[in-house]
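Per-entry structural report
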Amino acid sequence: AQTVTQSQPEMSVQEAETVTLSCTYDTSENNYYLFWYKQPPSRQMILVIRQEAYKQQNATENRFSVNFQKAAKSFSLKISDSQLGDTAMYFCASPHTGANSKLTFGKGITLSVRP
Amino acid sequence: DTAVSQTPKYLVTQMGNDKSIKCEQNLGHDTMYWYKQDSKKFLKIMFSYNNKELIINETVPNRFSPKSPDKAHLNLHINSLELGDSAVYFCASSRSRTNYGYTFGSGTRLTVV
């Protein structure tokens, strides 16, 4: 079965500090995107960042960046200058082998930003 | 203008009833999905349609039936509701089968009592 592993169920970070959320995946697709989604208490699923597997350069979106290690199938999310509004669940997602349109999600990590 | 809209946002119903959840996207995307998020927040795909054609049909009870009248709409009908069907159901869409990422609706919290 396709798996996306987020081994940390919860993390906490002080406001303005940096935190890294880890994720590993096991898709065998040739060309694919990887994703981090944020789900705040409002339950809306919001795309935070995506990484194209063919690009060696790590994706960056403002305070959010990824550390993509293709050989290790590792895709971690770094949040810099953490803000109270970053408090949410974060889900990593990768495409299913042989069914690129189908995303498999990790179990999620609950991030709390402390004032 | 909401990109992916689901109705209703909340649904409370009794066991044994039949209910529908509607989803519409105005992004011009070809592919739409239904995901279920359980009480532990785990997201699992249920169905996917590409241009009105069913392309993903996971192992879900046949009490769940999706319908896509056109590529902008994907509805979910549930017959004979059970307590275990209580969850948040998300509709999502993507540009094509090559997955550039989903845009999600706001979810429907279904509570079966």
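Quick look at the structure, then.

1. Some remarks on unusual backbone geometry
- Cis geometry is found at the peptide bond from B:T7 to B:P8, where omega equals 0°.
- Its place among the elements puts B:P8 in the loop between β1 (4-7) and β2 (10-13).
- Within the chain, A:A16 stands out as a residue other than glycine whose phi angle is a positive 80°.
- Here A:A16 is to be found in the loop between β2 (10-14) and β3 (19-21).
- For A:A16, a relative accessible area of 46% corresponds to the partly exposed category.
- Positive phi, normally seen in glycine, also occurs at B:N51, with a value near 50°.
- Tracing the backbone through its elements, the reader meets B:N51 in the loop between β5 (43-50) and β6 (53-57).
- The class of B:N51 is partly exposed, set by a relative accessible area of 41%.

2. Thoughts on the nonpolar core
Residues and elements named next belong to chain A.
- If you look at the biggest cluster of nonpolar residues, it comprises 25 residues, and the most contacted ones within it are L21, W36, F75, L77, I79, Y90 and L111.
- For this core, the secondary-structure elements that each account for two or more residues are β3, β5 (33-39), β6 (46-52), β8 (64-69), β9 (74-79), β10 (88-96) and β12 (109-114).
- Setting aside residues up to four positions removed in sequence, F75 forms contacts with C23, Y25, L34, F35, W36, Q51, V66, N67, F68 and C92.

3. With respect to the interface of chain A and chain B
- Chain A puts 17 residues into the contact, and the matching count from chain B is 26 residues.
- Roughly 1,800 Å² is buried in total at the junction of chain A and chain B, and carbon and sulfur atoms are behind 54% of that figure.
- Sorting the residues of chain A by area buried against chain B places A:R43, A:S101 and A:F105 first, and these three jointly supply 36% of that buried surface.
- At the surface where chain A touches chain B, the tally comes to one salt bridge.
- As a salt-bridge pair, A:K102 and B:E58 come within 2.9 Å of each other at their nearest N and O atoms.

4. Looking at the side chain of A:R63
Residue and element names in this part refer to chain A.
- Relative to the elements of secondary structure, R63 occurs in the loop between β7 (60-61) and β8.
- A polar side-chain atom of R63 sits 3.2 Å from the main-chain carbonyl oxygen of D81.
- Those residues in contact with R63 that sit more than four places away from it in its chain are K78, I79, S80, D81, S82, Q83 and D86.

5. Describing the sheet that holds strand β8 (residues 73-78) of chain B
All names here are of chain B.
- Spatially, four strands are ordered β1-β3-β8-β7 in an open sheet, and the strand pairing comes out antiparallel. This sheet does not close on itself; its edge strands, each paired only once, are β1 and β7 (64-70). Neighbour to neighbour, the strand axes of the sheet diverge by 15° on average, direction disregarded.
- One ladder, built from five bridges, connects β7 with β8; its direction is antiparallel.

6. With respect to the side chain of B:S93
- Following the sequence through the fold, B:S93 ends up in strand β9 (residues 87-94).
- Dropping the residues within four chain positions of it, B:S93 is found in contact with B:V4, B:Q25, B:L27, B:H29, B:T31, B:M32, B:Y33, B:G101, B:Y102 and B:T103.

7. Describing the pattern of salt bridges
Residues and elements named next belong to chain B.
- Within this structure, the stated rule accounts for five salt bridges over all chains.
- R63 is the partner of D85 in a salt bridge, and the nearest nitrogen-oxygen pair spans 2.8 Å. Separated by 22 residues along the polypeptide, D85 in the loop between β8 and β9 and R63 in the loop between β6 and β7 bring together distant segments of the chain.
- Each of the salt bridges in this network shares a partner with another, and the network as a whole consists of R63, E82 and D85.

8. Some words on the state of the cysteines
- In the structure shown here, the tally under the stated rule is two disulfides over all chains.
- With a sulfur-sulfur separation of 1.9 Å, A:C23 is cross-linked through a disulfide to A:C92. Around the S-S axis, the bridge from A:C23 to A:C92 shows a dihedral of about -70° and counts as left-handed. Residue A:C23 is located in the loop between β3 and β4 (24-25), and its partner A:C92 is located in strand β10; the two are separated by 69 residues in the primary sequence. The pair A:C23 / A:C92 is uniform in exposure class, with both members buried.
- Covalently, B:C23 is tied to B:C91 through a disulfide, its sulfur atoms 1.8 Å apart. Between B:C23 and B:C91, the S-S torsion sits near -75°, and that sign places the bridge as left-handed. Separated by 68 residues along the polypeptide, B:C23 in strand β3 (residues 19-25) and B:C91 in strand β9 bring together distant segments of the chain.

The rules behind these values
- Residues numbered from 1 in each chain as written.
- Chains lettered and ligands numbered in written order.
- Predicted model: local features only at pLDDT ≥ 70, side-chain atom pairs only at ≥ 80, totals over all residues.
- Heavy atoms only, no water.
- Helix = DSSP H or I, 4+ residues; strand = E, 2+ residues; numbered from the N terminus.
- Buried < 20%, exposed > 50% of the residue type's maximum accessible area, 1.4 Å probe, protein only.
- Core = buried A, V, L, I, M, F, W, Y, C linked by side-chain atoms within 4.5 Å.
- Contact = heavy atoms within 4.5 Å.
- Buried area = accessible area lost by both parts, 1.4 Å probe.
- Salt bridge = Lys/Arg side-chain N within 4 Å of Asp/Glu carboxyl O.
- Polar contact = N/O pair within 3.5 Å; in protein donor to acceptor, adjacent residues only side chain to side chain.
- Pairing = 2+ DSSP bridges.
- Axes fitted to C-alpha atoms, helices over the stretch in contact; angles between N-to-C directions.
- Disulfide = S-S within 2.5 Å.

Keep in mind these values describe shape, not function.
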